[in-house]
Amino acid sequence: MAKYTSQELMEMEHKYGAHNYHPLEVVISKAEGIWVEDPEGRRYMDMLSAYSAVNQGHRHPRIIKALKEQADILTLTSRAFFNDRWPLFAKKLAELTGKDMILPMNTGAEAVETAIKTMRKWGYRVKGVEKDKAEIIVFEQNFHGRTTTIISFSVDPVAKDDYGPYTPGFVVVPYDDLEAVEKAINKNTVGILVEPIQGEAGVVVPSDGFLKGLEKLAKENNVLLAVDEIQTGFCRTGKLFAFQHEDVDPDIIIMGKALGGGVMPVSAVAANEDVLGVFEPGSHGSTFGGNPLACAVAMTAIDVLLEENMAERAKEMGEYFMAGLKAINSPKIKQVRGKGLLIGVVLHESAGKARKYTTALKEKGILCKETHDWIIRFAPPLVITKEEIDQALEIIREVFA
Ligand SMILES: *Cc1c(COP(=O)(O)O)cnc(C)c1O
């Protein structure tokens, strides 16, 4: 393959690729663990982890081994037939989540769509909601993906504008406001769809008891609670799932990103039979959902998280990193917030936009991304060490000096 420089590659992407992203000016051509490299051989510390899809670190040897071994045996069958990997993955993920059943998809947005369909179908079949009247409660500043239905209940004009007409049936209430949820519930409410921490909104952590309160409201009103763990799940926040910080038992668990071990898109929905049992043959599906290659990768991705105690690591390293960030004490920094290794640094408006700082950090070897104009998210792979965090803190300190 021809070798191109970073500059040439960025120009080629700009010319031939649709401009639906605004990447930092760095080209990654190689990666291992928390480190990535550009075509010129410059090394960077990855502090984004592909939006938490690379929790296990880039190219984790066990996950790559599973990928290669499965690629040599069987990759795709479609669900027209059984295969010998999907049942094992379903069993493993059901046991991990403590739910009866799993529905496999590929991307996060597809899993969210699956949860929406589940709640609606459950509403009509089980709760007895009148045809086409189902309502799902969602939250301001939510991010659940990019499909036309999902952006229909986004409040971000950039994500939403000019994609109408929008899918009805969603009620948007303020995040972290149980009273607003209680007021929004009526006889047509079938579900509540929530992020345990709002990642894309800028690592917004709700008050203690918010999720527990949602669980209680859902139970009392015969409404399903669906938790979107696509970004917060799989040890990122210091627990296997973020809802476990509050000992909540959601009706529906939506998973994606790190479930694919940083290798493939793998997503899934977990729920008990009285909920996920509403689907019958033909009522939902995906050609690639449950494919043997994805299942082999995902099973190993889970093993790695558990056997390498990544939840514990995320908790420990997260506390260490967050304490270090707080100690920087720059007048430019308004707040440091987060849980585990999902950390948001909120800037004062007087400091100038976050992009300036993510660009400066990139120049010094740290890759992270701004979310909205004033927030920088730090979310390194969970395999990061204390020494590497120290190294990062030194650079971050310089940039904010
Ligand atoms: C990334 C993300 C999604 C969408 O996942 P895709 O794989 O990009 O479709 C949905 N919800 C949350 C909370 C996410 O972070």
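None of these values were measured; they are calculated from a predicted model.

### Brief notes about the domain arrangement of the protein chain
Then, in step 1: By domain assignment, the protein chain separates into domain 1 (6-56 + 309-400) and domain 2 (61-307).
Then, in step 2: Each of domain 1 and domain 2 was reduced to a C-alpha centroid, and the two centroids are 26 Å apart.
Then, in step 3: Taken residue by residue, the interface counts 29 residues in domain 1 and 29 residues in domain 2.
Then, in step 4: Carbon and sulfur atoms make up 55% of the surface buried where domain 1 meets domain 2, a total of about 2,200 Å² over both sides.
Then, in step 5: Considering only the side of domain 1, the residues that lose the most area to domain 2 are Gln56, Lys339 and Leu342, jointly responsible for 30% of the buried surface there.
Then, in step 6: Along the contact surface separating domain 1 from domain 2 lie 1 salt bridge.
Then, in step 7: The partner of Glu200 in a salt bridge is Arg377, and the shortest N-O contact between them spans 2.7 Å.
Then, in step 8: Among the secondary structure elements, those contributing two or more residues to the side of domain 1 that touches domain 2 are helix 2 (49-52), helix 12 (310-328), strand 11 (333-339), strand 12 (342-347) and strand 15 (375-378).
Then, in step 9: For the side of domain 1 that touches domain 2, the per-class residue count stands at 15 nonpolar, 10 polar and 4 charged.

### Let's talk about the environment of Thr149
Then, in step 1: Position of Thr149 relative to the elements: it lies in helix 6 (residues 148-152).
Then, in step 2: With a relative accessible area of 15%, Thr149 lands in the buried category.
Then, in step 3: Side chain to side chain, Thr149 and Thr167 meet in a polar contact 2.9 Å long.

### What about a positive patch on the surface?
Then, in step 1: Among the surface-exposed residues, Lys3, Lys30, Arg59 and Lys68 lie close enough to one another that they form a single positively charged patch.
Then, in step 2: In this fold, Lys68 is placed in helix 3 (residues 61-71).

### Here we look at the pairing of strand 11
Then, in step 1: Bridge count between strand 11 and strand 12: 6 bridges; the pairing is antiparallel. Looking across to strand 12, one finds that Ile333 is bridged to Leu347.
Then, in step 2: The turn joining strand 11 and strand 12, which pair antiparallel and follow one another in sequence, is formed by 2 residues; a positive phi near 60° is taken by Gly340.

### Some words on the pairing of strand 7 (residues 189-194)
Then, in step 1: Among the 6 residues that make up strand 7, 6 are buried, leaving the element largely enclosed by the rest of the structure.
Then, in step 2: Two elements, strand 5 (residues 135-139) and strand 7, share 3 bridges in a ladder whose sense is parallel. The residue of strand 7 that forms the bridge with Ile136 is Gly191.
Then, in step 3: Judged from the 4 bridges that link them, strand 7 and strand 8 (residues 224-228) form a sheet pairing that is parallel. The partner of Ile192 across the bridge, within strand 8, is Leu225.

### Some points on the environment of Pro87
Then, in step 1: Structurally, the position occupied by Pro87 is in helix 4 (residues 86-97).
Then, in step 2: The spatial distance from the C-alpha of Pro87 to the C-alpha of Thr189 is 33 Å, given a sequence separation of 102 residues.

What counts, and at which threshold
Residues numbered from 1 in each chain as written. Predicted model: local features only at pLDDT ≥ 70, side-chain atom pairs only at ≥ 80, totals over all residues. Heavy atoms only, no water. Domains from an automatic or database assignment. Contact = heavy atoms within 4.5 Å. Buried area = accessible area lost by both parts, 1.4 Å probe. Salt bridge = Lys/Arg side-chain N within 4 Å of Asp/Glu carboxyl O. Helix = DSSP H or I, 4+ residues; strand = E, 2+ residues; numbered from the N terminus. Nonpolar A, V, L, I, M, F, W, Y, C, P; charged D, E, K, R; others polar. Buried < 20%, exposed > 50% of the residue type's maximum accessible area, 1.4 Å probe, protein only. Polar contact = N/O pair within 3.5 Å; in protein donor to acceptor, adjacent residues only side chain to side chain. Patch = residues over 30% accessible without salt bridge, like charges linked within 9 Å, V, L, I, M, F, W, Y side chains within 5 Å. Areas by Shrake-Rupley, 256 points an atom, 1.4 Å probe, with all protein chains shown as cover. Lys, Arg positive; Asp, Glu negative; His and termini not counted. Charge placed at Lys NZ, Arg CZ, Asp CG, Glu CD. Pairing = 2+ DSSP bridges.

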